[in-house]
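Spelled out from the first residue to the last, the chains are:
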Amino acid sequence: MCVWLSKDLFVFRSFKKMFFVKGVKTARVTQQRVIYKTLRGNELKDKKRTETALKAGEDRAILLGLGMVFSSVMMYFVICITMVRAYAESVLTDETTCTVLNSTLTKDINCSYNCGSDCWRSSKFPCLQVYVSLNATGRIGLLSHNEEMLDISSECFYVPKCQKDHTALHVMIQNISEHLRMHQQVTCYHDSNEHQGSILLNRLYGSSTLFHSLFWPSCMLSGGTLIILMVKLTQYLSILCEQIGRTPK
């Protein structure tokens, strides 16, 4: 009977030891699973947070690119209806050399200047007439400073801004006349077909001015388009990398 009790006690201790070891292993596995789930959850949260931040940055970049493209298109529109139109309609485009024949102050022209709210007063300035001869053809005509001055007055070379001190205006016009007398050979622009007899000293909307006016909108349009293309390329490569990562090896 003592032998049976010893055997039972030994079996009981063996089962107890086995259950204890199994419980420890189960606890360890459960703890490892909890740690893995925690780490996996944190990894997914970080990944989701990163994707959200990247998506917000991409959206801002696309909005910036679209804003630049829209602004450049609006600038093109304004330049086309102002400068390009005036450049296309201008006939005084042929560049040549002119010889100043005569530069004299003629009659005084009345003008008005603003002296305050609903206040206008009269003044005057001398009309400077400059006759030049085209060296290429020998034709003689009146010289105007630019297209704007030609539209204001076809007789006067330069029309200053009206002001109270007409003596200062007289001195300014006199200085321009003396400068033209000193530099008799000047570059001028005329109509080779002689549809318009006027001659210009400077062009407001020349090819150089038009180029510089269109240069910056073109840079803005190119930059905005490049930003949008780079964002789209980045999104495409990201999707491609994700698809390759999901492909079973």
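Quantities reported herein were computed from a predicted structural model and do not represent experimental measurements. (Residues numbered from 1 in each chain as written. Predicted model: local features only at pLDDT ≥ 70, side-chain atom pairs only at ≥ 80, totals over all residues. Heavy atoms only, no water.)

Looking at the state of the cysteines
Under the defined criterion, the tally for this structure stands at three disulfides. In this model cysteine 111 forms its disulfide with cysteine 162; the gap between the sulfur atoms is 2.1 Å. The S-S bond linking cysteine 111 to cysteine 162 shows a torsion near 70°; that makes this disulfide right-handed. Placement of the pair is cysteine 111 in strand β1 (residues 94-116) and cysteine 162 in the loop between α2 (147-152) and α3 (166-182), with a sequence separation of 51 residues. (Disulfide = S-S within 2.5 Å. Helix = DSSP H or I, 4+ residues; strand = E, 2+ residues; numbered from the N terminus.)

Let's talk about the environment of leucine 210
With respect to the helices and strands, leucine 210 occurs in helix α4 (residues 207-246). Sequence separation between leucine 210 and isoleucine 79 is 131 residues, and the spatial gap between their C-alpha atoms is 8.7 Å.

Examining α4
Over its 40 residues, α4 extends 57 Å from the first C-alpha to the last, a length consistent with the 58 Å expected when each residue adds 1.5 Å. Turning to α4, its buried residues number three or more, namely Leu210, Ser213, Pro217, Gly224, Ile228 and Val231. (Expected span 1.5 Å × (residues − 1). Buried < 20%, exposed > 50% of the residue type's maximum accessible area, 1.4 Å probe, protein only.)

Examining a nonpolar patch on the surface
A cluster of nonpolar side chains, namely Leu226, Met230, Leu233, Tyr236, Leu237, Leu240 and Ile244, defines an oily patch on the protein surface of about 690 Å² accessible area. In this structure, tyrosine 236 sits in helix α4. (Patch = residues over 30% accessible without salt bridge, like charges linked within 9 Å, V, L, I, M, F, W, Y side chains within 5 Å. Areas by Shrake-Rupley, 256 points an atom, 1.4 Å probe, with all protein chains shown as cover. Salt bridge = Lys/Arg side-chain N within 4 Å of Asp/Glu carboxyl O.)

Side note on the environment of leucine 92
Residue placement: leucine 92 occurs in the loop between α1 (2-89) and β1. Looking at leucine 92, the relative accessible area reads 3%, which means it is buried. Separated by 99 residues in sequence, leucine 92 and aspartate 191 place their C-alpha atoms 4.6 Å apart.

Overview of the pattern of salt bridges
Taken as a whole, this structure holds one salt bridge when the rule is applied. The shortest N-O distance in the salt bridge between lysine 107 and glutamate 155 comes to 3.7 Å. Here glutamate 155 lies in the loop between α2 and α3 and lysine 107 lies in strand β1, a separation of 48 residues in the sequence.

Description of the UniProt feature "transmembrane region" (unreviewed entry) in the protein
When the UniProt feature table is mapped to this numbering, "transmembrane region" (unreviewed entry) covers residues 61-84 and 210-231. The span residues 61-84 carries 100% helix and 0% strand; its end-to-end C-alpha distance comes to 32 Å. (UniProt positions renumbered as here; feature names shortened; annotations may be inferred.)

Thoughts on the packing of aromatic side chains
This structure, assessed with the given rule, holds two aromatic pairs. Here phenylalanine 211 and phenylalanine 215 contribute two aromatic rings whose centre-to-centre distance is 6.0 Å and whose plane-to-plane angle is 40°, an arrangement assigned as tilted. Pair noted here: phenylalanine 211 and phenylalanine 215 are both in helix α4, with a separation of four residues, about one helical turn. Taking relative accessible area as the criterion, phenylalanine 215 reaches 35% and is therefore assigned partly exposed. (Phe/Tyr/Trp six-rings, centres within 6.5 Å; stacked < 30°, edge-to-face > 60°.)

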